[in-house]
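So the chains spell out like this:
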Amino acid sequence: MTEPQSEAGLLTLAQTAARAAVSPATVRRWVREGLIPGYEGTWTPSAVAQARVIARLRSRGHTLAEIKQASDKGQLAVGPIENLLNTQEGRYTLKEAAREAGLDRKLIERMYTTMGLSALSLESVSDEDLEVMKYAAAMLATGFPLDAYFQLLRVYGQAIAQIADAEVRLFHLYIHEPLMRDGVPGVQIAEEMEGLAREVLPFAAPLMNYLHARFLAHFVEQDVVGHMETDLSEDALAEGRVRVAIAFADLAGYSRLTVELGDEVAVDAVERFVDAAEQTLPADARVIKTLGDEVMVVGSDPVALTVWAIELQAGIDADEPSARIGVHYGEALYRDGDYYGSDINQASRVVARAGGGEVLVTRAVVDGATGADGLEFERIGEVRLKGFSEPTELFIASARGS
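Computed from a prediction, not measured in an experiment: that's the story for all the values here.

Rules and cut-offs
Residues numbered from 1 in each chain as written. Predicted model: local features only at pLDDT ≥ 70, side-chain atom pairs only at ≥ 80, totals over all residues. Heavy atoms only, no water. Axes fitted to C-alpha atoms, helices over the stretch in contact; angles between N-to-C directions. Helix = DSSP H or I, 4+ residues; strand = E, 2+ residues; numbered from the N terminus. Parallel < 35°, antiparallel > 145°, perpendicular 65-115°, else oblique. Left-handed = near helix turned anticlockwise from the far one by under 90°. Contact = heavy atoms within 4.5 Å. Nonpolar A, V, L, I, M, F, W, Y, C, P; charged D, E, K, R; others polar. Buried < 20%, exposed > 50% of the residue type's maximum accessible area, 1.4 Å probe, protein only. Pairing = 2+ DSSP bridges. Phe/Tyr/Trp six-rings, centres within 6.5 Å; stacked < 30°, edge-to-face > 60°. Lys NZ or Arg CZ within 6 Å of the ring centre and 35° of its normal.

J.: An account of the packing of helix H1 (residues 13-20) against helix H3 (residues 45-59) is needed here, citing residue identities and associated values.
T.: Two elements in contact, H1 and H3, have axes separated by 8 Å at closest approach and are oriented at 40°. The orientation of H1 with respect to H3, classified from their angle, is oblique. The two elements H1 and H3 meet at a crossing, and its hand is right-handed. On H3, the residues touching Thr 16, Arg 19 and Ala 20 of H1 are Val 48, Ala 51, Arg 52 and Ala 55. Looking at the contact of H1 with H3 residue by residue, the class counts come to four nonpolar, one polar and two charged.

Structural data, given as structure tokens:
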């Protein structure tokens, strides 16, 4: 095998071997044994991606025979898609890029690790990387606080990583695996996946830009309202803290459901519950996160959140698992797109004391609902919640006259 000269978008055999962290002789052997179907005399991004995958499988103890069998079945049909996702080659050292962007090298490394990227990727910096570094320098030059900047990077990294992970997993579960089950040859699977990815990928960026603009407008409006309410309040909050209404909701008997009916049935029930929660939320509230069958919701109005909780309970079908919901109103420390602090912990403990079909609220919610029409609260009494030394006064919330 003669080694082709490096051309635009292509690599040499030596470069390919370096990316796979193996010797050129090893890569030659993989080609001879038909393990790299994307190789046709030149090292395209597709062929290089295939070599990297083989190297990873070898490092995990898989034999060449096992890898060949998986390749023939189409299980390793990732190479052609790499052509669509090919990133630029590095042209600069980190030192050169830092000087060009006007940023400290340690700051750049922290940027990348905060976004969830490996600092090792900075060993060779591309024009694309350099452009991102220049954006960062320009943003920080405006006086934007460094701590807030890193919080944004962390949120962006986590959100985009979740999006990319979902894209790959759904593509695999609903496209790749069905093709393999139908016995489609490996090369044909790779071609079909590349064709579909080529058609679908261009829609991702416009959709994310659209959603970002819509949600940005929504939260700017919410922020304006929140500022006004903060100004009207007598008590000023410390920097980084916000007043929030917090609700935790979960399914009663979820663990028993998984044992009796199986994981898939239980997960289907959770998905229906989460969908119902998201589709009925007040305008100022949103789901912050889900963990198993538990949903955490944050809003600004404790009354609206309590009404939502009661109506959500009322809308659950009799043949569905019943829900437990706890609502609290207090302060939280806002970090990296999430909320922290004792009031958040207290809200999570409240739901644990609720029974199936109940909405439990704290005194802070009841006081905030004074004069609100359509709600009534039945006092349970003072309850000691796990992790809290002082008892918490709890109430069952319901619609008036229900």
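There is more to say after this.
J.: Account for the side chain of Thr 16, with residues named and values stated.
T.: Looking at the element boundaries, Thr 16 is found in helix H1. Excluding residues that lie within four positions of it along the chain, Thr 16 makes contacts with Leu 11, Trp 43, Val 48 and Ala 51.

J.: Just give me the short version of the pairing of strand E1 (residues 241-251), but keep the residues and values in it.
T.: Here E1 lies mainly inside the structure; eight of its 11 residues are buried. Inspection of the sheet shows E1 paired to strand E4 (residues 323-335) by 11 bridges, in the antiparallel sense. In the strand pairing of E4, Leu 251 is matched with Ala 323. Bridge count between E1 and strand E3 (residues 294-299): five bridges; the pairing is antiparallel. The residue of E3 that forms the bridge with Ala 247 is Val 297.

J.: With reference to specific residues and values, describe the packing of aromatic side chains.
T.: All chains considered together, the criterion is met by two aromatic pairs. Taking 5.8 Å as the distance between ring centres and 65° as the angle between the ring planes, the aromatic pair formed by Tyr 149 and Phe 150 counts as edge-to-face. An angle of 70° between the planes, with centres 5.1 Å apart, marks the rings of Tyr 334 and Tyr 339 as edge-to-face. Looking at Tyr 334, the relative accessible area reads 33%, which means it is partly exposed. Here the guanidinium or amino end of Arg 110 rests over the ring plane of Phe 150, the centre of that ring lying 3.7 Å away.

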